[in-house]
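# Secondary and tertiary structure notes
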Amino acid sequence: MTPHVLTRSLDRSASIFILVVAGLGVLIPLSNLLLPAGSALQVPTYLVALFGKYACYAILALSIDLIWGYCGILSLGHGAFFALGGYAMGMYLMRQIGSRGVYGNPILPDFMVFLNYPSLPWYWYGFDMFWFAALMVLLVPGLLAFCFGWLAFRSRVTGVYLSIITQAMTYALLLAFFRNDFGFGGNNGLTDFKDILGFNVQADGTRAALFALSCLALILTFLICRAVVTSKLGKVLIAIRDAESRTRFLGYRVESYKLFVFTLSACMAGVAGALYVPQVGIINPSEFAPGNSIEAVIWVAVGGRGTLVGAALGAVVVNYAKTFFTSGPLAPYWLFMLGALFILVTLLLPKGIVGTFSAWRESRKATEKANAESAAREDGVGEPNPAE
Amino acid sequence: MSVMEGRTTSALLYLDGVHVSFDGFHAINNLSLTLEPGEMRAVIGPNGAGKTTMMDIITGKTKPDEGTVLFDGITDLTRLDETRIAELGIGRKFQKPTVFESQTIEDNLLLALNVDHRVKGTLFWRGNKAEAERIGRVLETIRLTDARSRLAGSLSHGQKQWLEIGMLLAQDPKLLLVDEPVAGMTDVETHQTAELLKEINKEKTVMVVEHDMTFVRELGVKVTCLHEGTVLAEGTIDQVSSNERVIEVYLGR
Amino acid sequence: MSANFLDRLRAVLLAILLTTAFAVPALAGPFEDAVAKFANDDFSDTDEAIGAVAASGNPLAFPIISALQEGRLSADPETKKVFVTGADGKIIDAATGAAVDKLPDNAAAVRLNNRLRRAVEAAVGSLTLLSPDPAKRIAAAQSVFKSHEESALPVIDGALAKETNKAVKAAFAEARAAILLYKPDATEVEKLEAVAIVKAKGDQEAMALLTGLSNDVPPNVARAAASAIASIQSNLATWSMVQNAWYGLSLGSVLLLAAIGLAITFGVMGVINMAHGEMVMLGAYTTFVVQEVIRTSYPGLFDYSLLIAVPLAFLVAGAVGVLIERGIIRFLYGRPLETLLATWGLSLVLQQAVRTMFGPTNREVGNPSWMSGAFELGQITITYNRLWILCFTLAVFVILLAMLRYTALGLEMRAVTQNRRMAASMGIATSRVDALTFGLGSGIAGIAGVALSQIDNVSPNLGQSYIIDSFMVVVFGGVGNLWGTLVGAFTLGIANKFLEPVAGAVLGKIAILVLIILFIQKRPRGLFALKGRAVEA
């Protein structure tokens, strides 16, 4: 990708976003590592891990926004790509345990010894190498999304049908990963990780580095999404979102566009999952639960779909609220609040926080301009049309 | 792409014996129609006569149950999808004006330009002077130059109709299918539209579907009247409107 | 069944026999003489006594022989009196049945050798063959069928001649055939007939009997047996298909019940209600509340609890449905994806509300008596609750179909499904139709909850477990046509149950999901999709 594609039309909010994420990505690890524990400005390690989790969620939100906000594809199964990326990383981390497991088997992870696996299943080969695992983090979700999308988009499965089918996809994977004989640790998933690239995953330094990496990945994802949506391809995506068959009659191969952006988005979700796993220390089949995927969609809705900054912001805001409420005395009411959030945002704030804010700012600018010119044209400056 | 052996007709568009039915309802019934290169044809007919379904068949949205649909005498359109047909050079304006409402007028035209429509091409697209000039010309033609950076959704109904015609121009097709271009327009706008279409017809083949008889009269071209999915009458506007069967269909018996 | 239970049964039987025995004046006759022979402590005398007692038809015969079998028959060699010690420790005089306080000091257990033991077993078998209870006679015949003990043949022959009950007669004939098959000196004709009878029985046991046949039977018989085995095998395969089909129908009926409301709302309004599963859950909890009220206040009405719950569940879920439509969904028309999200949020709220009110654990909903139990059909077992649910589902389906066809609301609903704009311009109040449709769809979900409460755990998560399957039914069956939903539900149900034995429950389910994803390649709008311009617009 040429540099101009990455940096083209970085408007003010995008620049602010990148600066803030980069700043946090540097300052938080430094504060955690350099300041003495207990100091008012020191960020405790558990918070570093928590923020790292948020950064991963923000990447997932960006990936969902790219397809939903810009192309109208509502995937209710993006958690599947996230989890697959997570499993690919988890497999690497499992192989790194080596003979330090409970059973001390140098090759087989503990759960395989426990389940009497005679040898390592073929699909676990190669995961002892980081580069291979990293490749799989992109390739496995990407390939699944490509196959799935190829089938779905080619036969013009759209709208709620597509949403339901994506939900069925993640549900099928949930069932599959729960099975012990599927070879991914069944119900318990993969856990008890020891180290990553030779560094102890529990160590403060590793956690700080992982957080910084997550911020970097978030910035890169943001830039890639930004490059996509500001290119002419982005205009085509919006055209598909707003009037799919019109786009087709103009001679665009709609299914290729959808397939491209869906696959790209799945790869991003995979990266988010891969960064998530070492920071939370576990990956299990519940990550495939359809509820998780839908929850991720609401982050985007809250922040404002069709605005990249909004998607990332929504992920952080909703998850902060979740952390805050589920850890306090209000825990039993969290689901009420989450449910109400779904309803209220769709009803009252369809553009989300950022979308509503920028619409408000634009309409104010427009009024000022109109006042200044005072010679208003016939229709005045139209409201930006809300995304369908 | 399927190309038949040898050219069998000089017509740009050739429909013969086309049938379509939806759940037992015969929308198109043994429809035969030819359009010579450079011709402009007006298609009239009451509601449900199959006008829009005919356009769906030509543009690949609906597959006929039987019959021949040839473009340029050699290309079997029934085997191609919408994208491929659009690439061949058939442009379509919808009955309900369909523009990309959340994008600017300029972007609408940019999207319609017949340049590289593949993923790679659009991802690494960079504007160039030739394209900008073409867009500028189209904007002039459809009289929306001043509104070029406004969102298409803010346009009036008539302006949207014109924008969609402009998108057809930007697409630069050989054949334009125009479905009810003057619906919801004032008399002045209707007149202007007729002039615009006549202007377009100097270079391109056009098929116009319209209810508005004054407009059809103004176009002054050969008229085809459809009824119950088949051609009822064909000829000049005066011939067709004096045809007894046409009168019967339009006015009731 | 535990041995303990058999013991108790025997004691009860003994007690009944004893009471009848008391009514009979004790006269010295051939029976008493035969009983006395037990006291001779001579194996051949004992043999004779067993035969005579077993053949006597005396009500005491069974207690005596079974006591002999279990070493509870003792005799006083001096007085020649014979005593039966019951399983409960009570002692009677074997000849008269009169109660005895305690055994004489020199009474000793009647001894048996191996030959006698076989005779005793045969006698016990033949005695039950003559039991007045037809069920017991059949059970005895079945045990003879399994043991094919040659010594039981005379008794079977005798019993068969006297038997009038058709079912018992058939069982006797089968038992007889089994004996003849294994009897070395039976004629070839007899054996061939026997093979035919066993073949007609056609179950797992018949097959075991035929496969156990030794090689030295006449070649004709062997051939007949081989063909009988093949035919039984195919017969059993058919039955296992029937069984799978039944399970499939049962699952299909549940799916249909859960999906039909979804199909209506989706068809008419183009809206996917993610809280549909929660409407099902509300219906199930309504049933629970109805049963609670009945349990505490009107215990006699328990069998009617479901009849009361059905309309109530319809009203509760339907009312909630109308509220949802008026309060949320109508503001989201034309934005189906947002509706999906909002109703998902609603489902979270409803689940949590029920969890708060009724607790997170499963609630007990009982089966009324007419829904418990099962019956046998050929080689399969059919439970009443599943059968009732199937009937109920079909009834709901037919009522709904009739409603759509013959009522004004039905007509309006169909009109709106086919072309909303046209319907509106024809003067149909589409917003009223929407609200009522949503209420109807939700109400049916509530009814589904009543039915599901009979076969599933009633918990706040009840709806969640059905929602994806219901969606699959709707996606598969297509929109706008209830027959599509019917065919979709039963196809998926049956396909699921036929895949399960091959692939296992989970893989079967995954396979179904994958198949549906592939299926919509071919027909993106489902099996029974509406065609034409209006739907695509």
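Residues numbered from 1 in each chain as written. Chains lettered and ligands numbered in written order. Predicted model: local features only at pLDDT ≥ 70, side-chain atom pairs only at ≥ 80, totals over all residues.

## Observations concerning the overall build of chain A
Test applied: Every helix listed is a DSSP run of H or I at least four residues long, and every strand listed is a run of E at least two residues long, numbered separately from the N terminus. Partly exposed residues are those whose C-beta has more than 12 but fewer than 20 other C-beta atoms within 10 Å; with 20 or more the residue is buried, with 12 or fewer it is exposed, and the C-beta atoms are placed from the backbone. Remark: residues whose backbone-derived C-beta atoms lie within 7 Å of one another are considered to be in contact.
Summing up its helical and strand segments, chain A has 15 helices and four strands in all. In terms of overall dimensions, chain A has C-alpha extents of about 80 × 55 × 50 Å along its principal axes. Taken over 388 residues, chain A has a buried fraction of 49%. For chain A, contacts bridging at least 24 residues in sequence account for 77% of all contacts bridging at least 6.

## Side note on the nonpolar core
Condition: A set of buried residues drawn from Ala, Val, Leu, Ile, Met, Phe, Trp, Tyr and Cys, joined through C-beta atoms within 7 Å, is what defines a nonpolar core.
Core analysis: the largest hydrophobic core is formed by 284 residues, its most contacted members being Ile59(A), Leu60(A), Ala61(A), Leu62(A), Val297(A), Ile298(A) and Ala312(A). Top element by residues in this core is helix H3 (residues 45–71) of chain A. It accounts for 17 residues. For Ala312(A), the residues in contact, after removing those within four places along its chain, are Ala58(A), Ala61(A), Leu62(A), Leu218(A), Phe222(A) and Gly303(A). Val155(C), Ile156(C), Phe172(C) and Ala228(C) belong to the second largest nonpolar core, which has 62 residues in total.

## Brief notes about the UniProt feature "transmembrane region" (unreviewed entry) in chain C
All names here are of chain C. This is how it is decided: UniProt positions are given in the numbering used here, feature names are shortened, and annotations may be inferred rather than shown by experiment.
Residues annotated by UniProt as "transmembrane region" (unreviewed entry) correspond here to residues 245–272, 304–324, 387–408, 429–451, 471–495 and 502–520. End C-alpha atoms of residues 387–408 are separated by 33 Å, and the span's content is 95% helix alongside 0% strand. Its end C-alpha atoms 33 Å apart, residues 429–451 is made of 96% helix and 0% strand.

## A word on the interface of chain C and chain A
For clarity, the threshold we go by: Ten residue types, Ala, Val, Leu, Ile, Met, Phe, Trp, Tyr, Cys and Pro, are classed as nonpolar, four, Asp, Glu, Lys and Arg, as charged, and the remainder, Gly among them, as polar.
Taken together, the 31 residues of chain C in the interface contact 34 residues of chain A. Residue assignment for the side of chain C that touches chain A shows that the elements contributing at least two residues are helix H14 (336–358), helix H19 (464–477) and helix H21 (505–522) of chain C. Looking at the side of chain C that touches chain A element by element, the count peaks at 13 residues for H14(C). Grouping the amino acids of the side of chain C that touches chain A by side-chain chemistry returns 25 nonpolar, four polar and two charged.

## Considering the interface of chain B and chain A
Each partner contributes to the interface: chain B provides 27 residues, whereas chain A provides 25 residues. Those elements that provide at least two residues to the side of chain B that touches chain A are helix H2 (82–88), helix H3 (105–112) and helix H4 (119–123) of chain B. Counted by class, the side of chain B that touches chain A contains 10 nonpolar, 11 polar and six charged residues.

## Here we look at unusual backbone geometry
All names here are of chain A. Backbone geometry places Arg-156, a non-glycine residue, at a positive phi of 60 degrees. Within the secondary structure, Arg-156 is located in the loop between helix H6 (130–154) and helix H7 (159–178). With phi around 50 degrees, Leu-197 is a residue other than glycine that occupies positive phi space. Among the structural elements, Leu-197 can be located in the loop between strand S2 (195–196) and strand S3 (199–200).

## Description of the packing of H3(A) against helix H13 (residues 308–326) of chain A
All names here are of chain A. Cut-off, in case you're wondering: The convention used is that axes are lines fitted to C-alpha atoms, helices contributing only their stretch in contact, and that angles between N-to-C directions extend from 0 to 180 degrees. Throughout this description, any angle smaller than 35 degrees is read as roughly parallel, any larger than 145 degrees as roughly antiparallel, any in the 65 to 115 degree range as roughly perpendicular, and the remainder as oblique. For a crossing to be left-handed, the near helix must be turned anticlockwise from the far one by less than a right angle; the clockwise case is right-handed.
Running from N to C, H3 and H13 point in directions that differ by 135 degrees, and their axes come no closer than 8 Å. In terms of orientation, H3 lies oblique with respect to H13. The element H3 and its partner H13 pack so that their crossing is right-handed. Together, Leu-50, Tyr-54, Tyr-57, Ala-58, Leu-60, Ala-61, Leu-62, Ile-64, Asp-65 and Gly-69 of H3 and Leu-308, Ala-311, Ala-312, Gly-314, Ala-315, Val-316, Asn-319 and Thr-323 of H13 make up the contact between the two elements. Tallied by class, residues from the contact of H3 with H13 come to 13 nonpolar, four polar and one charged.

## Examining the sheet that holds strand S3 (residues 91–93) of chain C
Residues and elements named next belong to chain C. For clarity, the threshold we go by: A pair of strands is treated as paired once DSSP finds two or more bridges between them.
Spatial strand order, S4-S3-S2-S1-S5: five strands in an open sheet with antiparallel pairing. Each of the sheet's edge strands pairs with one partner strand only, and the pair in question is strand S4 (99–100) and strand S5 (108–109). Sheet topology places strand S1 (residues 73–76) next to strand S2 (residues 81–85); four bridges connect them, and they run antiparallel. Residue pairing across strands places Ala-75 opposite Val-82, the latter belonging to S2. On the sheet, helix H4 (residues 61–69) packs against S1 and S2 and is oriented at approximately 80 degrees with respect to S2.

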